[in-house]
Amino acid sequence: MSNTIQYQNYGPQNNWVDGKYQPSKSEKTISIISPYFDKEIATIPESNYSDLDDAVQKAKTAFLSWSNFNIRDRAEVMFNLKSIMEKNVDELAELISLDNGKTIPDSKGSILRGKEVVEFATSLPTLLQGDSAPVSAGINCTMTQEPLGVVAGITPFNFPAMVPLWMIPLAVTAGNCFILKPSEQTPLSTFKLAEYLKEAGLPDGVFNIVNGAREIVEGICDHPDIKAVAFVGSSAVAKIVYSRAASSGKRALCLGGAKNHMIVVPDADQDSTAKGLLASSMGSAGQRCMAASVAVGVANVDPIINQLVHEAKNFKLGVDMGTIVSKPAFDRITNYIDEAEKMGAKVLIDGRKATPPEGYENGYWIGATILDNVDPEWPSATDEIFGPVLSIIRTDTLENAMKIENGNQYGNAAAVFTTSGQVAKTISESASAGMIGINIGVPVPREPYSFGGWNESKYGHGDITGRSGVDFWTNLKKVTSRWPESNEAWKKYF
Ligand code: NAD
């Protein structure tokens, strides 16, 4: 396997509060298992509400001074963070791979994407310059964007450093103090982010990590001193977090799951479409919310599918894709494949039979899997499988293809592969998704364009990055002023 992953046990880990590691008051712990080895690599505390409250109080104190820092000084921390991340990319990538199962190049790619948000945050002195205009005779109005206070982020397993980096740079540079509840499956790289932020000059208490599970998530939703919550994870939990946080008066933005459709028409360029479909469905072992999950083939697209299958046969475990994150996830994915096969899907490539790379035989491996002739009503066509499984649905018309795409509950991404401008325009206008690709299978917008889906892929308003993310973490303040003209004492100086 290229870019070897070494087994290492990091032992018991703590929370990160007020600029240092701090033990939890809870005695419960969560075991972190490496999906490459099926072995424990660390434990984290399963923190309780009292741990969360401690972190919130420290963050509240830090807010008093951090929110009064000059915006340029806050942005300076992001300039520093960017170079620290660049220096330590190998260390960070190894940790991401060890607890998440990504290949090293995949982990490095995710760090680069996260770093883009750090870079974007350095532009906040310009973005937050505010506005001012005379609005009436002698009356002026100025508008500024002010930080909210203590805010929180709850993140999923699949991009352990990148998704926290969608939130932290913008929230913190805007002047907020941040509590992160990382995924309890993949927390290791977030400790490094905390250390890098400190090294970059972030004052103690501005960024804190409280490890744990449901109790901390619920505590974040309920805590009276937390002003806003950003969540990224499955739709079922996103919906719960959104309603619970909103019902306690918080601002909430909760990104959920996905089932992304790729519409393929016969005029599509065969080579790039086959390669694009493969990379977007199997990259990160299909464990990304932007993964292609359904290919809707319109009319005869057999030459493209044949090449896709041919390319997929050469897709190597441990090189082109890493492991599945956990044993339960492994079982869920294989169950979907078993069920689709029983229902009559043609298994063009069967990842259940893939050979693990040497030295990693105990890992949770599933190879590239392609299911053909899938019915639009079957679970493999409707549910988020979140693994390296592409379901192909065949249909005759573009109109039917759009009905299938529009009919799915999610709305993160959709893509069309075609050489026709008219087809591309029709699909991009009618797809019910927030991020659309034209001959691009993973249409992640790059900063400053923002990331976010539609429908049940998102609860709340706006997107999580870009200008929209900055707006989420700030409140608008409008100051309207009029100065009296008749100050007699000063008249003689004019
Ligand atoms: P998850 O929903 O299981 O967990 C996300 C977070 O919620 C974790 O921190 C976890 O501790 C917490 N959590 C889990 N169950 C909870 C409960 N019952 N009550 C309170 N908190 C709970 O998601 P995951 O398995 O870690 O990540 C995969 C999911 O994330 C997929 O659905 C994927 O599509 C989604 N995702 C979406 C985006 C996006 O931008 N839309 C990005 C990345 C991942």
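Residues numbered from 1 in each chain as written. Predicted model: local features only at pLDDT ≥ 70, side-chain atom pairs only at ≥ 80, totals over all residues. Heavy atoms only, no water.

## Examining the overall build of the protein
Scanning the protein from N- to C-terminus turns up 17 helices and 20 strands. Taken over C-alpha atoms, the radius of gyration comes to 24 Å for the protein, in line with the 23 Å a tight globule of 494 residues would show. In terms of principal-axis extent, the alpha carbons of the protein reach across some 90 × 55 × 40 Å. Per-residue burial over the protein gives 57% buried out of 494 residues. For the protein, restricting intrachain contacts to residue pairs at least 6 apart in sequence, the fraction spanning at least 24 positions comes to 76%. Working note: accessible area of the protein is about 20,400 Å², and carbon and sulfur atoms make up 51% of it. Put simply, the protein has 45 plus and 56 minus side-chain charges, and the middle of one group is 5 Å from the middle of the other. (Helix = DSSP H or I, 4+ residues; strand = E, 2+ residues; numbered from the N terminus. Rg over C-alpha atoms; globule rule 2.2 N^0.38 Å. Buried < 20%, exposed > 50% of the residue type's maximum accessible area, 1.4 Å probe, protein only. Contact = heavy atoms within 4.5 Å. Areas by Shrake-Rupley, 256 points an atom, 1.4 Å probe, with all protein chains shown as cover. Lys, Arg positive; Asp, Glu negative; His and termini not counted. Charge placed at Lys NZ, Arg CZ, Asp CG, Glu CD.)

## Some thoughts on the domain arrangement of the protein
Domain boundaries assigned for the protein yield domain 1 (15-256 + 457-478) and domain 2 (260-438). Computed over C-alpha atoms, the centres of domain 1 and domain 2 are 31 Å apart. Each partner contributes to the interface: domain 1 provides 18 residues, whereas domain 2 provides 21 residues. Here domain 1 packs against domain 2, burying approximately 1,600 Å² in sum over the two surfaces, 56% of which is carbon and sulfur. It is P35, Y36 and S457 in domain 1 that bury the most area against domain 2; as a group they hold 31% of the surface buried on that side. The interface formed by domain 1 and domain 2 holds zero salt bridges in total. Of the residues assigned to the side of domain 1 that touches domain 2, the class counts are six nonpolar, eight polar and four charged. (Domains from an automatic or database assignment. Buried area = accessible area lost by both parts, 1.4 Å probe. Salt bridge = Lys/Arg side-chain N within 4 Å of Asp/Glu carboxyl O. Nonpolar A, V, L, I, M, F, W, Y, C, P; charged D, E, K, R; others polar.)

## With respect to the site of the ligand
Around the ligand, the structure places 25 residues, and the nearest of them are K181, E184, S234, G256 and E384. Note that an oxygen atom of the ligand is positioned 3.0 Å from one of the backbone N or O atoms of F157. Within the complex, the protein chains bury 87% of what would otherwise be the 840 Å² of accessible surface of the ligand. Among the elements of the structure, α8 (214-222) and β10 (226-232) are those that each provide at least two residues to the shell around the ligand. (Near = heavy atom within 4 Å. Polar contact = N/O pair within 3.5 Å; in protein donor to acceptor, adjacent residues only side chain to side chain.)

## Digging into the side chain of E447
Along the chain, E447 turns up in the loop between β18 (435-438) and β19 (458-459). No salt bridge is formed by the buried E447. Its closest oppositely charged neighbour is R446, at 7.9 Å. Here T465 takes part through its side chain, which lies 2.9 Å from a polar atom of the side chain of E447. At 2.9 Å, the side chain of E447 forms a polar contact with the backbone nitrogen of G466.

## Focus: the sheet that holds strand β12 (residues 260-264)
Within the open sheet, the seven strands sit side by side as β14-β15-β16-β13-β12-β17-β18. Their pairing is mixed. Here the strands that pair on one side only, and so sit at the sheet edges, are β14 (346-349) and β18. Between one strand and the next, the sheet's axes are offset by a mean angle of 20°, whatever the strand orientation. Here three bridges tie β14 to strand β15 (residues 369-372), and the two strands are oriented antiparallel to one another. Within β15, the residue paired with V347 across the bridge is L371. In the packing of helix α10 (residues 270-282) onto the sheet, contacts are made with β12, β13 (292-298), β15, β16 (389-395) and β17 (413-417), and the angle to β12 comes to roughly 170°. (Pairing = 2+ DSSP bridges. Axes fitted to C-alpha atoms, helices over the stretch in contact; angles between N-to-C directions.)

## Quick notes on the pairing of β17
Along β17, five of the five residues are buried, which leaves the element largely enclosed by surrounding structure. Side chains A413, A415 and F417 project from β17 onto one buried face, and the interleaved A414 and V416 project onto a second face that is buried too. Inspection of the sheet shows β12 paired to β17 by four bridges, in the parallel sense. Bridged to H261 within β17 is A414. Relative to β18, β17 runs parallel, the two being bridged by four bridges. Counted as the bridge partner of A415 is G437 from β18. Since β17 and β18 lie parallel, the crossover through helix α15 (residues 421-430) that links them has a hand, and here it is right-handed. (Right-handed = clockwise from strand over helix to strand, strands pointing away.)

## Examining the nonpolar core
Residues W166, M167, F178, I179, F207, I464 and W473 are the most contacted members of the largest nonpolar core, which totals 158 residues. Per element, the largest residue contribution to this core is nine residues, and it comes from helix α6 (residues 162-173). Per-domain counts for this core show at least three residues from each of domain 1 (15-256 + 457-478) and domain 2 (260-438). Non-local contacts of F207, meaning those with residues more than four positions away in its chain, are made with W16, I168, F178, L180, A194, L197 and L202. (Core = buried A, V, L, I, M, F, W, Y, C linked by side-chain atoms within 4.5 Å.)

## Looking at the sheet that holds strand β5 (residues 131-136)
With antiparallel pairing, three strands are arranged side by side in an open sheet as β5-β6-β20. A strand with exactly one partner marks an edge of an open sheet, and here the two such strands are β5 and β20 (474-482). Across the sheet, the mean angle from the axis of one strand to that of its neighbour is 25°, orientation sign disregarded. Judged from the five bridges that link them, β5 and strand β6 (residues 139-147) form a sheet pairing that is antiparallel. By the bridge assignment, S136 is partnered in β6 with I139.

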